[in-house]
Amino acid sequence: MAQERIGVKRLVVGAHYGTLDFIAQRVTAIIMAVYTVVLLGGILFTPELNYEGWRGLFTFTCLGLPVGQMLATLAFLSLAWHAWIGVRDIWMDYVHPVGVRLFLQVLTILWLVGAVVYFAKILWSL
């Protein structure tokens, strides 16, 4: 009977809760990597790296859309989601008392939401 579960006909069990998180980590990493390349390209082609140069990177528009702000927002949201999955897994793996783990997870969520709000306030007020 044990031989029937080995190989191609293996019995797969479990809820696969980690699959979506695994995929989300990879997708957010790709988004952040692409944004890093775009940002580095923008820095290389900016004549002067002063306030106006930096502002120009983030207020770049194309067809009336604030592309620079939208890309930066997408990258920062990806960073927050990526960080949430990683930190949540750390809390789940290494903090065993349920109350302490829940407290740390709530603090992490509050910190990440606060960071996203602060980022949006700064970026979209340019």
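Note that the structure is predicted; figures quoted are calculated from it, not measured.

What counts as what
- Residues numbered from 1 in each chain as written.
- Predicted model: local features only at pLDDT ≥ 70, side-chain atom pairs only at ≥ 80, totals over all residues.
- Heavy atoms only, no water.
- Helix = DSSP H or I, 4+ residues; strand = E, 2+ residues; numbered from the N terminus.
- Buried < 20%, exposed > 50% of the residue type's maximum accessible area, 1.4 Å probe, protein only.
- Contact = heavy atoms within 4.5 Å.
- Areas by Shrake-Rupley, 256 points an atom, 1.4 Å probe, with all protein chains shown as cover.
- Patch = residues over 30% accessible without salt bridge, like charges linked within 9 Å, V, L, I, M, F, W, Y side chains within 5 Å.
- Salt bridge = Lys/Arg side-chain N within 4 Å of Asp/Glu carboxyl O.
- Polar contact = N/O pair within 3.5 Å; in protein donor to acceptor, adjacent residues only side chain to side chain.
- Axes fitted to C-alpha atoms, helices over the stretch in contact; angles between N-to-C directions.
- Parallel < 35°, antiparallel > 145°, perpendicular 65-115°, else oblique.

## Points about the overall build of the protein chain
Alright, step 1. Scanning the protein chain for helices and strands turns up four helices and zero strands.
Alright, step 2. Sorting the 126 residues of the protein chain into buried and exposed places 20% on the buried side.
Alright, step 3. For the protein chain, contacts bridging at least 24 residues in sequence account for 61% of all contacts bridging at least 6.
Alright, step 4. When the accessible area of the protein chain is evaluated, it comes to approximately 9600 Å², of which 74% is carbon and sulfur surface.

## Concerning a nonpolar patch on the surface
Alright, step 1. On the surface, a nonpolar cluster with roughly 490 Å² of combined accessible area is contributed by L102, F103, V106, L107 and L110.
Alright, step 2. Relative to the assigned elements, L110 resides in helix α4 (residues 98-123).
Alright, step 3. Residue classification places L110 among the exposed positions, given a relative accessible area of 56%.

## Brief notes about unusual backbone geometry
Alright, step 1. The residue L63 is not glycine, and still its phi comes out positive at about 55°.
Alright, step 2. Position of L63 among the secondary structure elements: in the loop between α2 (51-58) and α3 (67-94).
Alright, step 3. Overall, the relative accessible area of 85% leaves L63 in the exposed class.

## A few points about the environment of L104
Alright, step 1. Relative to the assigned elements, L104 resides in helix α4.
Alright, step 2. Spatially, the C-alpha atoms of L104 and M92 are 10.0 Å apart, while their sequence positions differ by twelve residues.
Alright, step 3. Excluding residues within four positions of it along the chain, L104 makes contact with W91 and V95.

## Quick look at the side chain of Q25
Alright, step 1. Mapped onto the elements, Q25 comes out in helix α1 (residues 17-44).
Alright, step 2. At 2.9 Å, the side chain of Q25 forms a polar contact with the backbone oxygen of H82.
Alright, step 3. Beyond its immediate sequence surroundings of up to four residues, Q25 is in contact with H82, I85 and G86.

## Some points on the packing of α3 against α4
Alright, step 1. Across the interface, α3 lies against α4 with an axial gap of 10 Å and an inter-helix angle of 170°. One finds that α3 runs roughly antiparallel with respect to α4. Residues Q69, A72, T73, F76, L77, A80, A83, W84, V87, R88, W91 and M92 of α3 form the contact with α4, whose own contacting residues are R101, L104, Q105, T108, I109, L112, A115, V116, F119 and L123.

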